[in-house]
Amino acid sequence: QSVLTQPPSASGTPGQRVTISCSGSRSNIGSNSGYWYQQLPGTAPKLFIYGNNQRPSGVPDRFSGSKSGTSASLAISGLRSEDEADYYCAAWDDSLSGWVFGGGTKLTVL
Amino acid sequence: EVQLLESGGGLVQPGGSLRLSCAASGFTFSSSGMSWVRQAPGKGLEWVSGISGSDGRTYYADSVKGRFTISRDNSKNTLYLQMNSLRAEDTAVYYCAKLYCSDGSCYWGQGTLVTVSS
């Protein structure tokens, strides 16, 4: 049972817009920055969003992050086949004094 | 170029010990908080332990508290994870990671596999 709650799966067709949600609490997303990672099969996670809505250099601007209260979201517009991957949200948790992750969302491009 | 290179993984029997290392380069390791994150086969990411850059304060997930010890040697730019009393459920790929970044400078290593089995 993950501290942050994500849907286990999401899907869309090429060109569509897809949103992945991440529900937390006041002690994690509610008071700290949210992060999003993309993980391709057999590889290490790669940072896609930090500071709730900031993209590292090299991440396409089709990816955007947002935060509202104790929830965060990752939106992917103009969906492409190479976006098919697992996506994880993360945040520091003040109550647990540790990092917490969502259970991951497997994105399928139909 | 930033690199985090883990080593020390392998096969160990239940109850045994293993020490993981993570050699860092390409960024200011000594002032960076660092973590170990693991991923069991076919499962999601689980934060295991962290250590602050400034004062060396350590943090642990409940699942490993009392069994694992995180440490760092800033003179060698190396992060460690001493794992004792290993259990089958500790089987996972262990990643060394810089999780906190206010400027996009978050990094992960390629991971090292730990298998606990008799």
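Going by the structure above, here's the rest.
Below or above, wherever it landed, is the structure these notes cover. (Residues numbered from 1 in each chain as written. Chains lettered and ligands numbered in written order. Predicted model: local features only at pLDDT ≥ 70, side-chain atom pairs only at ≥ 80, totals over all residues. Heavy atoms only, no water.)

Some thoughts on the pairing of strand E7 (residues 85-93) of chain A
All names here are of chain A.
- Most of E7 is tucked away, with 7 of its 9 residues classed as buried.
- Sheet analysis places strand E3 (residues 35-39) next to E7, joined by 5 bridges and oriented antiparallel. Looking at the pairing, Gln-38 lines up with Tyr-87 of E7.
- Pairing of E7 with strand E9 (residues 105-109) involves 3 bridges; the strand directions are antiparallel. Paired with Asp-86 across the bridge in E9 is Lys-106.
- Hairpin remark: E7 followed by strand E8 (residues 98-101), antiparallel, with 4 residues in the connecting loop; positive phi at Ser-97, about 50°. (Buried < 20%, exposed > 50% of the residue type's maximum accessible area, 1.4 Å probe, protein only. Helix = DSSP H or I, 4+ residues; strand = E, 2+ residues; numbered from the N terminus. Pairing = 2+ DSSP bridges.)

Some thoughts on the packing of aromatic side chains
- What the rule picks out here adds up to 10 aromatic pairs over all chains.
- Seen in terms of ring centroids, Phe-48 of chain A and Phe-63 of chain A are 4.8 Å apart; in terms of plane orientation they differ by 80°. Their pairing is edge-to-face. Here Phe-63 of chain A lies in strand E5 (residues 63-68) and Phe-48 of chain A lies in strand E4 (residues 46-49), a separation of 15 residues in the sequence.
- Of the residues examined, Phe-48 of chain A reaches a relative accessible area of 4% and is grouped as buried.
- With a relative accessible area of 1%, Phe-63 of chain A lands in the buried category.
- Measuring from ring centre to ring centre gives 5.2 Å for Phe-27 of chain B and Tyr-107 of chain B, while their planes differ by 45°; the resulting arrangement is tilted. (Phe/Tyr/Trp six-rings, centres within 6.5 Å; stacked < 30°, edge-to-face > 60°.)

Some remarks on the state of the cysteines
Residues and elements named next belong to chain B.
- Taken as a whole, this structure holds 3 disulfides over all chains when the rule is applied.
- Across a sulfur-sulfur distance of 2.1 Å, Cys-22 and Cys-96 are joined as a disulfide pair. The sign of the -70° torsion about the S-S bond sets the Cys-22-Cys-96 disulfide as left-handed. Here the residue Cys-22 occupies a position in strand E3 (residues 18-25), and Cys-96 occupies one in strand E9 (residues 92-98), the gap between them amounting to 74 residues. Each member of the pair, Cys-22 as well as Cys-96, is classed as buried. (Disulfide = S-S within 2.5 Å.)

Overview of the nonpolar core
- The biggest cluster of nonpolar side chains holds 25 residues, and the ones touching the most others in it are Met-34, Trp-36, Phe-68, Leu-79, Leu-81, Met-83 and Tyr-94 of chain B.
- Those elements that provide at least two residues to this core are E3, strand E4 (34-39), strand E5 (45-51), strand E7 (68-73), strand E8 (78-83), E9 and strand E11 (112-116) of chain B.
- It is E3 of chain B that contributes the most residues to this core, 4 residues altogether.
- Among all residues touching Phe-68 of chain B, those that are not within four sequence positions of it are Arg-38, Val-48, Tyr-60, Leu-81, Gln-82, Met-83, Asn-84, Leu-86, Asp-90 and Tyr-94 of chain B.
- In terms of nonpolar packing, the next biggest core, distinct from the first, is built from 22 residues, Ala-10, Ile-49, Tyr-87 and Leu-107 of chain A among them. (Core = buried A, V, L, I, M, F, W, Y, C linked by side-chain atoms within 4.5 Å. Contact = heavy atoms within 4.5 Å.)

With respect to the environment of Val-12 of chain B
All names here are of chain B.
- By the secondary structure assignment, Val-12 is in strand E2 (residues 10-12).
- Sequence spacing of Val-12 and Thr-91 is 79 residues, and the spatial spacing of their C-alpha atoms is 9.6 Å.
- Once residues lying within four places of it in the same chain are set aside, the contact partners of Val-12 are Ser-17, Leu-18, Leu-86, Thr-115, Val-116 and Ser-117.

Quick notes on unusual backbone geometry
- A positive phi is found at Asn-52 of chain A, a non-glycine position, where the angle reads about 75°.
- The topology assignment puts Asn-52 of chain A in the loop between E4 and E5.
- Of note in this structure, Asn-77 of chain B is not a glycine but carries a positive phi near 50°.

Remarks on the sheet that holds E7 of chain B
All names here are of chain B.
- Spatial strand order, E1-E3-E8-E7: 4 strands in an open sheet with antiparallel pairing. In the strand order of this sheet, the two ends are held by strand E1 (3-7) and E7, each with one partner. Taken pair by pair, the neighbouring strands of this sheet meet at an average axis angle of 15°, ignoring direction.
- Summarising the sheet, E1 and E3 pair through 5 bridges and their orientation is antiparallel. When the bridges of E3 are listed, Gln-3 appears paired with Ser-25. (Axes fitted to C-alpha atoms, helices over the stretch in contact; angles between N-to-C directions.)

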